[in-house]
Amino acid sequence: MKIDILGVQAFVAIADHGSFNKAADVLFVTQTAVTQRLRNLEIFLGVTLLERTTRSIALTRTGQDFLPQARRLLQELSAALTEIRETGKALRGDVSIACIPTAGVRYLPQVIREYSALFPDNRIKILDHASVGVAEAVLRREAEFGINLAGPNHPELSTTPLLEDRFVLVCRDDHALARRKSLTWAQLQPYPLIFAGQASGNRALLDGYLGAENMHGGRGAQDGQAGLSLQIHYEVQRNSTALGLVDAGIAAAIVPNLAMQKANYPRLRVIRLQDPVISRTLVLVARKAARLSPAAQLLYDMIRDSRVVK
């Protein structure tokens, strides 16, 4: 059913001011427009709301009954529109976030696209850092919140789990392992590998599972899989560098699944790794004592609730 808001406005204005002329002035329209709006409303309702003579205007009994309802309808509509407008104003603004590079490549873009469609005037600054840099950016208030690897919690930061990102083997389609769907870590031992460098948060996690002593040239954790000896021929700090080396046919690489960009590397193959399955947890990070701005809170909630990457 179509609601004739203009007709209701005209009816209330005429009733309140007792004149078509004054009602037209209040509504910033012509007297003819006010008359037409009232006529359209009466036709739509199938009743007469006003008795008009050359000297006076009087509400019919139906008009008297309808007037308080009409006033309430306009007041509620005005309140609702004001609330929406004020909410929209509050959600406008600049947002700065920090994130590890793989989240910026695969996870964030789709969420940012949805957010930008809602608030095209909001500016978003994305600081892509290594995991240590993400925490520091949030602590220094350079970013309102961040997407980071799960790890030891800083006392000033709170974390919310976001997703699990499994480590995989990536090789070129002409590699000896390219046709495999899954592999154990032990089956990688004969092959030269590209691995995360010592400064990477991924390396610390992998060393904890596999044991740094099981990797040629590695140092660190003292526990891991006995007898495992991986051939770490190349170390890189960025997953994008690892993928570039793989695409050039240098070697296969161990990277998080999120790092893989299939459209950019059509020749690369992703192979699941097991025994053990190793994954990293991505978390949302924010300062405990800080309250996010409305614009940042909306983006935070959209990222938290999104499951665009499986």
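(A) Up close: the overall build of the chain. Scanning the chain from terminus to terminus reveals nine helices and twelve strands. Here the chain holds 310 residues, and the buried ones make up 41% of them. Put simply, 69% of the contacts in the chain that link residues at least 6 apart link residues at least 24 apart. When the accessible area of the chain is evaluated, it comes to approximately 17,000 Å², of which 51% is carbon and sulfur surface.

(B) Representation of the environment of I57 within the structure. You can see I57 is positioned in strand β2 (residues 57-59). I57 sits in the partly exposed class, given a relative accessible area of 28%. For I57, the contacting residues outside a window of four places in its chain are I14, G18, S19, F20, L50 and E51.

(C) Focus on helix α9 (residues 294-305). Between the first and last C-alpha of α9 there are 16 Å, a value that for twelve residues agrees with the 16 Å anticipated at 1.5 Å per step. Buried within α9 we find A295, A296, L299, Y300, M302 and I303. Across the axial projection of α9, the buried residues extend over an arc of 165 degrees, all falling on one side.

(D) Quick peek at the packing of aromatic side chains. The full count for this structure, using the stated rule, is three aromatic pairs. Each ring, one from Y115 and one from F119, has its centre 5.8 Å from the other, and the planes form 45 degrees; the classification is tilted. The residues Y115 and F119 share a single accessibility class, namely buried. When the ring of F145 is compared with that of Y300, the centres are 5.3 Å apart and the planes differ by 80 degrees; the resulting orientation is edge-to-face. Of the two residues, F145 sits in strand β5 (residues 145-149) while Y300 sits in helix α9, which places them 155 residues apart along the sequence.

(E) Geometry of the packing of helix α2 (residues 20-27) against helix α3 (residues 31-45). Where α2 contacts α3, the axes come no closer than 8 Å and their chain directions differ by 100 degrees. Relative to α3, the element α2 lies roughly perpendicular. Of the residues in α3, those touching α2 at F20, N21, A23, A24 and L27 are Q31, V34, T35, R37 and L38. For the contact of α2 with α3, the residue count by class is six nonpolar, three polar and one charged.

(F) Geometry of the nonpolar core. F145, I147, L162, L282, L299 and I303 are the most contacted members of the largest nonpolar core, which totals 36 residues. Secondary structure elements with two or more residues in this core: β3 (95-99), α5 (101-118), α6 (131-139), β5, β6 (157-172), β12 (279-287) and α9. Once residues within four sequence positions are removed from consideration, L299 is found in contact with V95, I97, V111, I112, Y115, I124 and F145. The next biggest cluster of nonpolar side chains, apart from the first, holds 20 residues, and it includes A178, W185, F195 and I232.

(G) Here's a closer look at the pairing of β12. With seven of its nine residues buried, β12 lies for the most part within the structure. The pairing of β5 with β12 spans five bridges and is antiparallel. When the sheet's bridge partners are listed, I147 is paired in β12 with L284. Bridge count for β6 against β12 is nine bridges, and the pairing is antiparallel. Pairing of P161 across the sheet is with V283, part of β12.

(H) Broad picture of the packing of helix α1 (residues 5-17) against α2. Running from N to C, α1 and α2 point in directions that differ by 125 degrees, and their axes come no closer than 8 Å. The orientation of α1 relative to α2 falls into the category oblique. Seen along the crossing, α1 lies across α2 with a hand that is right-handed. Contacts between α1 and α2 involve Q9, A10, A13, I14 and H17 on the former and, on the latter, F20, K22, A23, V26 and L27. Class assignment for the residues of the contact of α1 with α2 results in seven nonpolar, two polar and one charged.

(I) View of α5. Here α5 contains 18 residues, and its C-alpha end-to-end distance of 25 Å stays within 8% of the 26 Å for a straight helix at 1.5 Å per residue. A maximum bend of about 60 degrees is found in α5 at L108, where proline P109 lies one to four positions downstream. Of all the positions in α5, only T102, A103, Y107, L108, V111, I112 and Y115 are classed as buried.

(J) Highlighting the environment of D305. Considering the arrangement of structural elements, one finds D305 in helix α9. A relative accessible area of 52% means that D305 is categorised as exposed. Each C-alpha atom, one on D305 and one on L162, is 8.5 Å from the other, the two residues being 143 residues apart in sequence. Within the structure, D305 has its side chain in polar contact with the side chain of R304 (distance 3.0 Å).

Thresholds applied
- Residues numbered from 1 in each chain as written.
- Predicted model: local features only at pLDDT ≥ 70, side-chain atom pairs only at ≥ 80, totals over all residues.
- Heavy atoms only, no water.
- Helix = DSSP H or I, 4+ residues; strand = E, 2+ residues; numbered from the N terminus.
- Buried < 20%, exposed > 50% of the residue type's maximum accessible area, 1.4 Å probe, protein only.
- Contact = heavy atoms within 4.5 Å.
- Areas by Shrake-Rupley, 256 points an atom, 1.4 Å probe, with all protein chains shown as cover.
- Expected span 1.5 Å × (residues − 1).
- Arc of directions from axis to C-beta.
- Phe/Tyr/Trp six-rings, centres within 6.5 Å; stacked < 30°, edge-to-face > 60°.
- Axes fitted to C-alpha atoms, helices over the stretch in contact; angles between N-to-C directions.
- Parallel < 35°, antiparallel > 145°, perpendicular 65-115°, else oblique.
- Nonpolar A, V, L, I, M, F, W, Y, C, P; charged D, E, K, R; others polar.
- Core = buried A, V, L, I, M, F, W, Y, C linked by side-chain atoms within 4.5 Å.
- Pairing = 2+ DSSP bridges.
- Left-handed = near helix turned anticlockwise from the far one by under 90°.
- Bend = angle between axes of the 7 residues up to and from the residue.
- Polar contact = N/O pair within 3.5 Å; in protein donor to acceptor, adjacent residues only side chain to side chain.

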